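Take a look at the letters that make up each chain.
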Amino acid sequence: MLSKKERLSRVSFPKKRAQLRHNFTWGAVSFYPSKTLHVGVVVSKKVLKRAVDRNKVRRRLYEAAKNGLKEETGTFICIPRSEVLTISFKTLENDFSTL
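Let me sum up the structure you'll find in this document. Keep in mind that what you see is a predicted model, and the values were worked out from it rather than measured. (Residues numbered from 1 in each chain as written. Predicted model: local features only at pLDDT ≥ 70, side-chain atom pairs only at ≥ 80, totals over all residues. Heavy atoms only, no water.)

## A few points about the environment of Leu8
Moving on, step 1. Residue placement: Leu8 occurs in the segment before strand 1 (20-24).
Moving on, step 2. For Leu8, a relative accessible area of 14% corresponds to the buried category.
Moving on, step 3. Sequence-wise, Leu8 and Leu37 are 29 residues apart; in three dimensions their C-alpha atoms are separated by 9.8 Å.
Moving on, step 4. When near neighbours in sequence (up to four residues on either side) are disregarded, Leu8 contacts Phe13, Pro14, His38, Val39, Gly40, Thr75 and Ile77. (Helix = DSSP H or I, 4+ residues; strand = E, 2+ residues; numbered from the N terminus. Buried < 20%, exposed > 50% of the residue type's maximum accessible area, 1.4 Å probe, protein only. Contact = heavy atoms within 4.5 Å.)

## Remarks on the packing of aromatic side chains
Moving on, step 1. Under the definition given, this model contains three aromatic pairs.
Moving on, step 2. Ring geometry for Trp26 and Phe96: centres 5.7 Å apart, planes at 35°, overall tilted. Taken together, the residues span a long stretch of sequence, with Trp26 in the loop between strand 1 and strand 2 (27-32) and Phe96 in helix 2 (residues 89-97) at a distance of 70 residues.
Moving on, step 3. On the accessibility criterion, Phe96 (1% relative accessible area) is buried.
Moving on, step 4. Each residue in the set Phe24, Trp26 and Phe96 is aromatic and connected to the rest through ring pairs, giving one cluster.
Moving on, step 5. Its end group placed over the ring of Tyr62, Arg7 keeps NZ or CZ at 5.5 Å from the ring centre. (Phe/Tyr/Trp six-rings, centres within 6.5 Å; stacked < 30°, edge-to-face > 60°. Lys NZ or Arg CZ within 6 Å of the ring centre and 35° of its normal.)

## Considering the pairing of strand 1
Moving on, step 1. Strand direction decides the pairing type here: strand 1 and strand 2, joined by five bridges, are antiparallel. Counterpart to His22 in the pairing with strand 2 is Val29. (Pairing = 2+ DSSP bridges.)

## Thoughts on the sheet that holds strand 4 (residues 74-80)
Moving on, step 1. Judged by pairing direction, the sheet is mixed, and its four strands sit side by side in the order 1-2-4-3 without closing on themselves. Each edge of the sheet is formed by a strand with only one pairing partner; in this case those strands are strand 1 and strand 3 (37-41). Averaged over all pairs of adjacent strands, the angle between their axes in this sheet comes to 15°, without regard to strand direction.
Moving on, step 2. Against the sheet, helix 1 (residues 51-68) contacts strand 3 and strand 4, and its axis sits at roughly 160° relative to strand 3. (Axes fitted to C-alpha atoms, helices over the stretch in contact; angles between N-to-C directions.)

## Some thoughts on the nonpolar core
Moving on, step 1. With 23 residues, the main nonpolar core has Trp26, Val29, Val39, Leu61, Leu69, Phe76 and Phe96 as its most contacted residues.
Moving on, step 2. Going through the elements one at a time, strand 2, strand 3, helix 1, strand 4 and helix 2 are the ones with two or more residues in this core.
Moving on, step 3. Take this core: its biggest share by element is five residues, from helix 1.
Moving on, step 4. Discounting residues that sit within four places of it in the chain, Phe96 has contacts with Trp26, Val29, Leu61, Ala64, Ala65, Gly68, Leu69 and Cys78. (Core = buried A, V, L, I, M, F, W, Y, C linked by side-chain atoms within 4.5 Å.)

## A few points about the packing of helix 1 against helix 2
The relative placement of two packed helices comes down to the angle between their axes together with the axis-to-axis distance.
Moving on, step 1. With their axes 8 Å apart at the nearest point, helix 1 and helix 2 run at an angle of 50° to one another. Between helix 1 and helix 2, the angle is such that the two are oblique. Judged by the twist between their axes, the crossing of helix 1 over helix 2 is right-handed. Where helix 1 abuts helix 2, its residues Arg60, Leu61, Glu63, Ala64, Ala65, Asn67 and Gly68 lie against Phe89, Leu92, Glu93, Phe96 and Ser97. (Parallel < 35°, antiparallel > 145°, perpendicular 65-115°, else oblique. Left-handed = near helix turned anticlockwise from the far one by under 90°.)

Below, the structure is given as structure tokens:
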């Protein structure tokens, strides 16, 4: 999982429009330019009802971002769909490495 300083808190979410947005089968990733790496994951109750599933998705996406965005800088915000639970972890890593 990403370290605490590399994850976004609610207070530090960008207020402006994203520079780039990538859509995948499992969700979307928005990119905001910055000098350091920050990743945020937003999973609503509308997407996944159970808190266990929402937390599992957060952990999977943070780990995939850690492995896929090794040398990247910028702020990435992930908005997953329910398909993220059934997709393979390797696919998640590959999608993050293409950003």
